[in-house]
Amino acid sequence: MPQVRRGFSGSTPKVLIVGGGPAADGAAVGLREGGFRGSITMVSEEWWSPYERPHLSKGFLTGQVPAEKLPLRPPAQYELYGVEMKLGQQVAEVDIARHSARLRDGATLEFDLLLLATGRAPRRLEVPGALYLRTREEAERIRRALDGPSLHVLGAGFIGCEVAASARSLGVSVVLQEALPAPMQRVLGPRLGGWLAGVHREHGVDLRLGEAGVPAERPLLVAAGTEPRDELGLPLTVDEFGRTEIEGVFAAGDCASYFSPIYGRHVRVEHFQTAGRHGTAVGKAMAGVLEPFAEAPWFWSDQYDLNLQYAGAGVEWDQEVVRGEFGEPPFSVFQLAGGELVGALGVNDARTISRTRRLLQARAPVTAAQLEDRAFDLRPERS
């Protein structure tokens, strides 16, 4: 496999960032914070600078978050950081040997260091007219669909559940269909997922579990999972610094499978908060500041009057421990593997999850009995 040559190609080193999401944004900041003085070019297929995607399935759909509140930072701030934004464009091909990338319009960009921050794309089905949710433009289509009386959602993962909750808050009739026995089961497990199923039904959702067929109803939102965007054919598995097997080529965010010192294995976390922070760490590494990305992933989901917060990387577990009264918020469910804490999900219990994140990052020992005991202080420096 060809290697990027050592050293930079000229007096002004060049970084090319492929993608325009939170990882790309974080990387640009990380590069400058790490002391990088060369040029930074960010190429994004979207016409908008990086924005907060979590709003797309919640506040943006319901009209509580206007479009002007979506951007991560003002455009002038990218100018301040010296980032050249090429919006509405796509990298079609990368030539590693020549350190160049060809855009769809035929233009060529040279680089010394390359960051893949392409994110993930919805898994698409051969269903004419189906709706998907990843971009602001797609969210606007769903908003228009919510002007109608009903919506059928295929897939009860995070996106499917959040859109269902948003639609119900607008008075839209919702069918939520899921092939697994419970919503969000891969992260929540059957017990907590079963409880969440009851929550959706209490709010009037027609929840159909264990159904794998493709419905004929319209409008139909397909939320059947996502896949890493790897159409450039470059590796997306990276070490704790974001480096791929090709020298000078890095990857960050949702598309990347990165080595986690916390878990001692590669993980892929598909959530906004981690993508941004991973991007910043990788940007610093590209600038020569090598600090392992050793943060515990964290994400949240707002559904109805519930705030679900999760700390962990969604790895396998074999034991659950409950702090509080299960099903009566606030409460949290801890996930353990071989007696070791690997994750936790809190329902209206942000403080517990915040402290659990720090426990995971510190890799501090904690027992199931301590996790269950509300009187036990979960802060790693106190426990």
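Just so we're clear, the structure is a prediction, and the values are computed from it rather than from any experiment.

For this particular structure, what's the right way to read the sheet that holds strand 11 (residues 206–209)?
In a beta sheet, neighbouring strands pair by backbone hydrogen bonds and run either parallel or antiparallel. With parallel pairing, the four strands of this open sheet are ordered in space as 11-10-9-12. The strands lining the two open edges of the sheet, one partner per strand, are strand 11 and strand 12 (220–222). The mean inter-strand angle of the sheet, taken between neighbouring strand axes irrespective of direction, is 15°. Inspection of the sheet shows strand 10 (residues 173–178) paired to strand 11 by four bridges, in the parallel sense. By the bridge assignment, Gln177 is partnered in strand 11 with Arg208. Strands strand 9 (150–154), strand 10 and strand 12 of the sheet are contacted by helix 5 (residues 158–169), whose axis makes an angle of about 165° with strand 10.

How should I be thinking about empty space enclosed by the protein in this particular structure?
The method is simple in principle: a probe with the dimensions of a water molecule rolls over the atoms, and the space it marks as empty is what remains. Applying the stated criterion across every chain yields a total of two cavities of 30 Å³ or more. Estimated volume of the largest cavity: approximately 50 Å³. As for the largest cavity, its lining consists of Leu116, Thr118, Arg229, Asp230, Glu231, Leu232, Gly233, Leu234 and Leu236. In terms of residue class, the lining of the largest cavity is built from four nonpolar, two polar and three charged. Considering only enclosed or pocket space, the second largest cavity measures out at about 30 Å³ in volume. Lining of the second largest cavity is provided by Gln273, Thr274, Arg277, Phe293, Glu295, Ala296, Pro297, Trp298 and Arg357. The element that contributes the greatest number of residues to the lining of the second largest cavity is helix 7 (residues 272–286), accounting for three residues. In the lining of the second largest cavity, the residues fall into four nonpolar, two polar and three charged.

Any chance you could explain the packing of aromatic side chains here in plain terms?
For any pair of aromatic rings, geometry is given as the distance between the ring centres together with the angle between the planes. Across all of its chains, the model carries six aromatic pairs by this definition. Taken together, a centroid distance of 5.3 Å and an interplanar angle of 75° make the contact between Tyr258 and Phe293 edge-to-face. Remark: Phe293 occurs in the loop between helix 7 and strand 18 (298–303) and Tyr258 occurs in strand 16 (residues 257–260); sequence separation between them is 35 residues. Classification of Phe293 by relative accessible area gives buried; the value is 4%. Among the aromatic residues, those joined into a ring-pair cluster are Phe158, Phe299 and Tyr310. Lying across the ring of Tyr78, Arg73 places its NZ or CZ 5.9 Å from the centre. Here Arg143 stacks its cationic end above the ring of Phe60, 4.5 Å away from the centre of that ring.

What counts and how
Residues numbered from 1 in each chain as written. Predicted model: local features only at pLDDT ≥ 70, side-chain atom pairs only at ≥ 80, totals over all residues. Heavy atoms only, no water. Pairing = 2+ DSSP bridges. Helix = DSSP H or I, 4+ residues; strand = E, 2+ residues; numbered from the N terminus. Axes fitted to C-alpha atoms, helices over the stretch in contact; angles between N-to-C directions. Contact = heavy atoms within 4.5 Å. 1 Å grid on protein atoms, 1.4 Å probe; cavity = no way out; pocket = protein on both sides within 12 Å on 5 of 7 lines; lining within 4 Å. Points joined across faces, edges and corners; volume = space filled by probe spheres on them. Nonpolar A, V, L, I, M, F, W, Y, C, P; charged D, E, K, R; others polar. Phe/Tyr/Trp six-rings, centres within 6.5 Å; stacked < 30°, edge-to-face > 60°. Buried < 20%, exposed > 50% of the residue type's maximum accessible area, 1.4 Å probe, protein only. Lys NZ or Arg CZ within 6 Å of the ring centre and 35° of its normal.

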